[in-house]
Amino acid sequence: MSDKKDHGLAKGLTNYGDRDFSLYLRRSFASSMGYSKEFLSKKIVGIAYTPSGFNNCHRHFPEMLEAVKRGVLAAGALPVEFPTISLGEVFLNPTSLKFRNLMSMDTEEMIRAQPMDAVVLMGGCDKTVPAQLMGAVSADLPAVQIVAGPMMTSRHGEGRLGACTDCRRYWGKYRAGEIDTEEINKVEMRLATTAGTCAVMGTASTMACIAEAMGMSLPGTAAIPAVHADRLRAAEASGAAAVQLIESSIRPSHVITRESVENALRVLLALGGSTNAIVHLTAIAGRAGINIPLSWLNELSETTPVLVNLKPVGSHYMEDFFYAGGLGAVLRELKPLLNLDCITVTGDTLGERLEGPFEAVDRNVIASAQAPLEPKGGLVALFGSLAPRGAILKRSAADSSLFEKEGRAVVFNSLEDLATRIDDPDLDVSADDFLVLQNAGPTSPSGMPEAGYLPIPRKLSSQGVKDMVRISDARMSGTAFGTIVLHVAPEAAQAGPLALVRTGDRIRLSVEQKSIDLLVDEEELDRRRETYTSSARDVAGLRGYDKLYAEQVLQADEGCDFEFMKPVKIG
Ligand code: FES
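Conventions used here
- Per-chain numbering applies: the sequence of each chain, read as written, is numbered from 1 onward.
- Side-chain atom pairs in this predicted model are given and counted only at pLDDT of 80 or more, local residue features only at pLDDT of at least 70, and totals for whole chains, interfaces and linings cover all residues.
- Remark: hydrogens and water are excluded; side-chain values derive from all non-hydrogen atoms of the structure.
- Strands here mean DSSP runs of E at least two residues long; helices mean DSSP runs of H or I at least four residues long; both are numbered from the N terminus.
- We take the radius of gyration over the C-alpha atoms and set the globule estimate at 2.2 Å times the residue count to the 0.38 power.
- Burial status follows relative accessibility: with a 1.4 Å probe on protein chains alone, a residue under 20% of its type maximum counts as buried, one over 50% as exposed, and anything between as partly exposed.
- Contacts between residues were defined by any pair of non-hydrogen atoms, one from each residue, lying within 4.5 Å.
- Computed by Shrake-Rupley with a 1.4 Å probe, the accessible areas treat only the displayed protein chains as cover when residues are assessed.
- As used throughout, the charge tally considers Lys and Arg to be positive and Asp and Glu to be negative, leaving His and the chain termini uncounted.
- Taken as the charge centre is NZ of Lys, CZ of Arg, CG of Asp or CD of Glu, depending on the residue.
- Two strands form a pair only when DSSP identifies at least two bridges running between them.
- To get an axis, a line is fitted to the C-alpha atoms, and for a helix only the part in contact is used. The angle between two axes follows their N-to-C directions and goes from 0 to 180 degrees.
- What the arc covers is the set of directions going from the helix axis to the C-beta atoms.
- With a 1 Å grid spanning the protein atoms alone, the term cavity applies to any set of points in which a 1.4 Å probe fits but cannot get out, the term pocket to an open set with protein on both sides within 12 Å along at least five of seven lines, and the term lining residue to any residue with an atom within 4 Å of a point.
- Grid points are joined across faces, edges and corners, and a volume is the space filled by probe spheres set on the points.
- Amino acids outside the nonpolar list (Ala, Val, Leu, Ile, Met, Phe, Trp, Tyr, Cys, Pro) and the charged list (Asp, Glu, Lys, Arg) are all regarded as polar, and Gly is one of them.
- By convention a crossover is right-handed if, when the strands point away from the viewer, the path from the first strand over the helix to the second runs clockwise.
- Among the buried residues, those of types Ala, Val, Leu, Ile, Met, Phe, Trp, Tyr and Cys that are joined through side-chain atoms within 4.5 Å form a nonpolar core.

**Student:** I would appreciate a short explanation of the overall build of the protein chain in the present structure.
**Tutor:** Secondary structure assignment for the protein chain yields 20 helices and 14 strands. Relative to the compact-globule value of 25 Å for 571 residues, the protein chain shows a C-alpha radius of gyration of 24 Å, a close match. Projecting the C-alpha coordinates of the protein chain onto the three principal axes gives extents of approximately 80 × 55 × 50 Å. Out of the 571 residues in the protein chain, the part that is buried amounts to 59%. Intrachain contacts of the protein chain at a sequence separation of at least 6 include 74% that bridge at least 24 residues. Total accessible area on the protein chain stands at roughly 22300 Å², and carbon and sulfur atoms take up 51% of it. Computing the positive centroid from 59 side-chain charges and the negative centroid from 71, the protein chain places the two 3 Å apart.

Take a look at the structure:
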């Protein structure tokens with residue numbers, strides 16, 4: 001009566017103290033869903049499925065799911081989707097980052113607890129891809145990621161619109177009085193018009209490229225537009241690939257290695273990708289026991305050119321990137337810098353992938369390594385007395401005339417303080433000052449939101465000031481741009497030096513030296529330390545996940561994961 005093979009429905013039985021009874025009962029209940037005995041004896045591919053009424057980016061997932069299932073069935077296994085938490089970036093309070101770890105735990109435990117032999121991870125919106133990869137690494141069952149794909153652009157007047165770089169561009173115009181309420185209302189309805197993730201090289205697209213570069217997604221799938229028929233074909237192929245993974249036994253721990261993480265860092269730098277991606281990649285690698293010191297990012301940044309001319313750094317959109325050659329074209333340019341022996345979910349190495357014939361590349365969108373957009377990588381880590389454990393600057397999205405600069409700090413001690421005073425006509429601020437935001441890091445009440453893109457004070461934006469040096473322990477949307485120093489660690493709420501800055505202090509930024517220093521003498525800083533009070537949340541008054549997060553979240557340079565989610569070292 002019993003099928004004792006440890007696959008499919010027979011995996012991980014519910015414990016009733018009688019194995020055969022457990023299997024009999026499970027089959028009986030599975031039969032109630034209309035499956036034949038033949039199908040219930042097959043190997044099972046679980047599909048981590050994340051549609052949500054609160055996630056516009058995943059609104060085409062029902063159609064994609066059908067394609068994934070088709071691929072699994074055609075390859076001879078049984079597809080079974082299961083829901084996990086979905087994170088729609090703009091629908092979450094206080095910020096989606098807070099729930100990334102929760103989604104990763106949900107994903108990991110549902111992969112482990114339910115009977116499946118491999119899993120397809122359907123994600124897309126910013127935090128969903130890192131959350132699924134973190135969970136898959138920890139569960140270490142054969143896994144392949146298929147992403148939502150980017151939105152198509154829209155139009156406004158003669159120009160193209162793509163979420164969300166153009167969201168910010170038009171909001172900046174509105175704040176500066178360049179457009180009126182009627183026009184911003186029109187733009188609001190035109191920014192995001194199709195399914196899919198933000199249309200630029202923001203966090204979602206960067207993470208999609210990183211997943212492909214590491215070998216966790218099928219080649220050529222990161223950039224396919226959400227609504228393109230190729231996306232459905234990619235979903236079908238991902239379902240089939242998951243079945244092959246059962247046979248090959250390639251697991252995330254084989255794919256996500258120090259070498260493939262280095263490849264991903266190279267790709268991040270060449271894309272001029274999102275600053276969030278360094279936090280997420282650190283967390284994903286951390287689940288595999290791989291540490292990413294920010295000094296490693298800097299070493300790679302010195303020798304990795306920026307190749308991709310996409311917003312928010314450049315001028316094109318993700319659909320242009322797809323038609324220009326996509327990530328494959330970038331990987332070919334980077335080939336001499338990459339670790340080519342890394343295994344991918346196809347069973348091929350990265351080197352084998354890059355041996356194939358390729359179509360012509362549109363050099364307006366993807367530059368060659370011989371004629372890059374920038375000779376050095378798009379991100380750089382800064383260290384110094386203001387950020388002993390580091391901070392991040394997306395130099396490819398910044399105004400290089402501000403790279404070597406000393407300025408007077410204008411300090412806001414919270415997001416509320418910023419909102420109250422930034423547009424005050426009496427605010428004492430000039431374009432040469434450095435705007436400083438404190439208490440917006442991981443353990444602050446705001447939970448490290450994408451607030452590092454501090455608005456230019458209205459009195460300056462109305463005079464045409466477009467960029468200033470802005471410094472915080474917050475994050476920045478991958479679709480934003482400017483001379484913005486982020487992820488300052490330790491954060492202000494953990495007594496980092498950022499907490500000690502006062503309006504009028506001098507700060508020196510040097511991108512050349514990779515430094516950020518607070519020019520205040522130690523005795524004065526010691527005096528300030530005596531009156532320091534942390535803004536970190538008082539965990540005594542918290543409960544549930546809120547409490548867990550407040551107690552356990554790590555700093556930005558550690559990926560904002562939880563310490564207890566890292567692999568256990570035996571011995
Ligand atoms: Fe989902 Fe931008 S809101 S990717």
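There is more to say, and it comes next.
**Student:** Looking at this structure, how should I read the sheet that holds strand β3 (residues 118-123)?
**Tutor:** Adjacent strands of a sheet form backbone hydrogen bonds with each other and so pair up, either parallel or antiparallel. Across the sheet, which stays open at both edges, the four strands sit in the order β2-β1-β3-β4 with parallel pairing between neighbours. In this open sheet, the two strands that pair with only one neighbour each are β2 (78-83) and β4 (143-147). Adjacent strand axes in the sheet meet at a mean angle of 25° when their direction is disregarded. Pairing of strand β1 (residues 44-49) with β3 involves four bridges; the strand directions are parallel. Considered in β3, the bridge of G46 is made with V119. Along the sheet face, helix α3 (residues 61-74) touches β1, β2, β3 and β4 and points at about 165° away from the line of β1. The sheet strands contacting helix α9 (residues 229-248) are β1, β3 and β4, and the helix crosses β4 at an angle near 175°.

**Student:** Got a minute to help me understand helix α20 (residues 544-552) in this structure?
**Tutor:** Each α-helix winds once per 3.6 residues, and so residues spaced three or four apart point in a common direction. Y545, Y549 and A550 are the residues of α20 that are buried. All buried residues of α20 lie within an arc of 135° about the axis, which places them on one face of the element.

**Student:** For this particular structure, what's the right way to read the layout of surface pockets?
**Tutor:** Summary: where empty space remains is shown by rolling a probe the size of a single water molecule over the atoms. Here the second largest pocket is characterised by a volume of approximately 450 Å³. If you go around the second largest pocket, you meet 20 residues; those closest to its centre are G220, F322, G325, G326 and E359. Listed by contribution, the elements that provide at least two residues to the lining of the second largest pocket are α14 (318-324) and α15 (326-334). Take the lining of the second largest pocket: its biggest share by element is five residues, from α15. Here the residues of the lining of the second largest pocket are counted per class, giving eleven nonpolar, five polar and four charged.

**Student:** For this particular structure, what's the right way to read the pairing of β3?
**Tutor:** The two faces of the sheet receive side chains in turn, since in a regular strand these alternate between them. Burial analysis of β3 places six of its six residues in the buried class, the great majority of the element. Neither face of β3 is exposed, since A118, V120 and M122 on one face and V119, L121 and G123 on the opposite face are all buried. As judged from the five bridges shared by β3 and β4, these two strands associate in the parallel manner. Looking at β4, one finds that L121 is bridged to Q145. Read from β3 through helix α5 (residues 128-139) to β4, the crossover connection turns out right-handed.

**Student:** Would you take a moment to explain the nonpolar core for this structure?
**Tutor:** Grouped burial of nonpolar side chains is what soluble globular proteins tend to show. The biggest cluster of nonpolar side chains holds 115 residues, and the ones touching the most others in it are M122 and F321. The dominant element in this core, judged by the number of residues it contributes, is helix α11 (residues 258-271), at eight residues. Among residues more than four places away in sequence, those in contact with F321 are M201, C209, A223, L271, V308, L310, G326, L327, V330, V365 and I366. Grouped together as the second largest cluster of nonpolar side chains are 29 residues, L382, A387, L498 and V520 included.

**Student:** What's the story with α15 in this structure? I'm lost.
**Tutor:** Of all nine residues in α15, eight are buried; the element is thus mostly enclosed. Within the span of α15, buried status applies to G326, L327, G328, A329, V330, L331, E333 and L334. In this structure, the buried residues of α15 make contact with α8 (203-214), α11, α14 and α16 (350-353).

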